[in-house]
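Spelled out from the first residue to the last, the chains are:
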Amino acid sequence: MQPVKLPKEQRDMITDNIRTYFEAERGETIGHLAADNLLEFFLKELGPAIYNGALSDCRTLTLQRMQALEEDIYALEWRKR
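Here the structure is a predicted model, which is why all the values come from computation and not from measurement.

Asks: I tried to follow the environment of E23 on my own but got confused; where do I start?
Replies: By the secondary structure assignment, E23 is in helix 1 (residues 8–26). The partly exposed category is assigned to E23, whose relative accessible area is 43%. Residues E23 and M66 lie 43 residues apart in sequence; the distance between their C-alpha atoms is 48 Å.

Asks: Would you take a moment to explain the nonpolar core for this structure?
Replies: The tendency in soluble globular proteins is for nonpolar side chains to be buried as a group. Within the largest apolar cluster, six residues are counted, these being I18, F22, I30, A35, L39 and L43. Broken down by secondary-structure element, the contributors of at least two residues to this core are helix 1 and helix 2 (32–76). The leading source of residues in this core is helix 2, at three residues. The residues contacting A35, other than those within four sequence positions of it, are T15, I18, R19 and I30.

Asks: Explain the pattern of salt bridges here, please?
Replies: Any two side chains of opposite charge can pair if their charged atoms end up close together. Tallying each qualifying case throughout the model produces four salt bridges. Its salt-bridge partner being E40, residue R11 comes within 2.6 Å of it at the nearest N-O pair. One end of the pair, R11, is in helix 1; the other, E40, is in helix 2, with 29 residues separating them in the sequence. Using a relative accessible area of 16% as the deciding quantity, one classes R11 as buried. Across the pair R26 and E28 runs a salt bridge whose closest N-O atoms are separated by 3.0 Å. Overall, the relative accessible area of 33% leaves E28 in the partly exposed class.

Asks: Could you clarify how one ought to interpret a nonpolar patch on the surface in this entry?
Replies: Nonpolar side chains collect at one region of the surface, where F41, F42, L46 and I50 lie side by side and expose about 410 Å² of accessible area between them. Structurally, the position occupied by F41 is in helix 2. Take F41: its relative accessible area is 46%, and that puts it in the partly exposed class.

Conventions used here
Residues numbered from 1 in each chain as written. Predicted model: local features only at pLDDT ≥ 70, side-chain atom pairs only at ≥ 80, totals over all residues. Heavy atoms only, no water. Helix = DSSP H or I, 4+ residues; strand = E, 2+ residues; numbered from the N terminus. Buried < 20%, exposed > 50% of the residue type's maximum accessible area, 1.4 Å probe, protein only. Core = buried A, V, L, I, M, F, W, Y, C linked by side-chain atoms within 4.5 Å. Contact = heavy atoms within 4.5 Å. Salt bridge = Lys/Arg side-chain N within 4 Å of Asp/Glu carboxyl O. Patch = residues over 30% accessible without salt bridge, like charges linked within 9 Å, V, L, I, M, F, W, Y side chains within 5 Å. Areas by Shrake-Rupley, 256 points an atom, 1.4 Å probe, with all protein chains shown as cover.

Function cannot be inferred from these measures alone, as they are strictly geometric.
This is the structure we're talking about:
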């Protein structure tokens, strides 16, 4: 898996949110570089788990839709009555 790359605007917004969180919840002021390093750490640590979870959700959804499609195809079969 390739490292997660965020667009600059999104990365800056998340970094600002991290800084705001530290100020509001912990009463600490951290700089932009510290917040960006923390974001990078979380991307490396959490990114693969979140990515794999999303793939699992996609797999489940795809299987459900394929099953429904198979049922629809069976319903179209001509049966002698």
